[in-house]
Amino acid sequence: MGDWHDPAFLTDAQDWIRSHVTVTGAIEQPHVQWWSTVLRIPTSDAPVWFKASVEGSAFEGALVELLAGLRPDDVPELIAIDTERGWTLMRDAGMRLRDLGAELEAWETILPVYAELQLATAPCVERLLGIGVPDERLEGLPERLAGLLGEE
């Protein structure tokens with residue numbers, strides 16, 4: 001688990017961010033969870049977003065990069081990734097789905113796009129596994145379920 005409030009982490013992250021974009025104001029940390037943190041970085045064009053993930057999710061930047069190669073209009077534009085540290089820097093992609101509320105129209109718009117993204121990704125299983133995406137295919141479900149049931 002990362003200590004997302006640690007001054008050393010924040011200094012390293014901000015130095016890395018500044019090596020990729022020109023920061024025009026105060027960097028904010030609007031999201032802190034045990035699994036990741038997000039920083040909002042003002043730039044002259046628009047805000048950009050930094051995300052740091054725990055080791056088990058460090059593949060996320062490489063995943064977004066793979067998805068962008070398949071369907072660039074369906075994922076945020078990557079500015080930089082550091083797969084060893086699990087860091088990504090992305091352009092703003094607009095309003096988050098959860099901020100739209102439970103509006104049926106929002107779901108009717110996003111779900112077909114999500115399905116198309118999944119279908120485009122289906123032939124890339126070996127590449128996905130190679131970058132560290134967990135193998136959650138159906139054939140592994142009995143083993144994963146047995147593992148869960150065996151845990152206290």
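Calculation notes
- Residues numbered from 1 in each chain as written.
- Predicted model: local features only at pLDDT ≥ 70, side-chain atom pairs only at ≥ 80, totals over all residues.
- Heavy atoms only, no water.
- Salt bridge = Lys/Arg side-chain N within 4 Å of Asp/Glu carboxyl O.
- Helix = DSSP H or I, 4+ residues; strand = E, 2+ residues; numbered from the N terminus.
- Pairing = 2+ DSSP bridges.
- Buried < 20%, exposed > 50% of the residue type's maximum accessible area, 1.4 Å probe, protein only.
- Contact = heavy atoms within 4.5 Å.
- Expected span 1.5 Å × (residues − 1).
- Axes fitted to C-alpha atoms, helices over the stretch in contact; angles between N-to-C directions.

## Some thoughts on the pattern of salt bridges
Side chains that differ in charge, positive against negative, can pair when their charged atoms come close.
Part 1 of the argument: Under the defined criterion, the tally for this structure stands at eight salt bridges.
Part 2 of the argument: Of the charged contacts in the structure, one is a salt bridge between Arg71 and Glu116, with a shortest N-O distance of 2.9 Å. Taken together, the residues Arg71 in the loop between α2 (60-70) and β4 (78-82) and Glu116 in helix α3 (residues 104-121) connect sequence positions 45 residues apart.
Part 3 of the argument: Note that Arg137 and Asp135 form a salt bridge whose closest N and O atoms lie 2.7 Å from each other.
Part 4 of the argument: Several salt bridges converge on common partners, so that one network encompasses Arg71, Asp74 and Glu116.

## Examining the pairing of β4
Part 1 of the argument: Across four bridges, β4 lies against strand β5 (residues 87-91) in antiparallel orientation. When the sheet's bridge partners are listed, Asp82 is paired in β5 with Trp87.
Part 2 of the argument: Joining the antiparallel neighbours β4 and β5 is a turn of four residues, in which Gly86 adopts a positive phi near 75 degrees.

## Thoughts on the pairing of β5
Part 1 of the argument: Most of β5 sits inside the fold, with four of its five residues counted as buried.
Part 2 of the argument: Here strand β3 (residues 48-53) pairs with β5 via five bridges, running antiparallel. Following the sheet pairing, Ala52 is matched in β5 by Trp87.

## Things to note about the side chain of Ser53
Part 1 of the argument: In this structure, Ser53 sits in strand β3.
Part 2 of the argument: Excluding anything up to four places from it in sequence, Ser53 contacts Trp4, Trp35, Ser36, Glu60, Arg85 and Gly86.

## A closer look at α3
Part 1 of the argument: Relative to the 26 Å expected for 18 residues at 1.5 Å per residue, α3 spans 26 Å between its end C-alpha atoms, a close match to the ideal helical length.
Part 2 of the argument: Among the residues of α3, those classed as buried are Ala106, Leu117 and Thr121.
Part 3 of the argument: Residues of α3 that are buried make contact with α2 and α4 (125-130).

## So, the sheet that holds strand β1 (residues 28-32)
Part 1 of the argument: Pairing within the open sheet is antiparallel, and its five strands lie in the order β1-β2-β3-β5-β4. Two strands in the sheet have a free side with no partner beyond their single neighbour: β1 and β4. Put simply, the sheet's adjacent strands are angled 15 degrees from each other on average, direction ignored.
Part 2 of the argument: Each of β1, β2 (36-41), β3, β4 and β5 touches helix α1 (residues 7-18); the most contacted strand, β5, lies at about 45 degrees to it.
Part 3 of the argument: Packing of α2 onto the sheet brings it into contact with β3, β4 and β5, and relative to β4 it is tilted by some 140 degrees.

Function-wise, these values are silent; they only describe arrangement.
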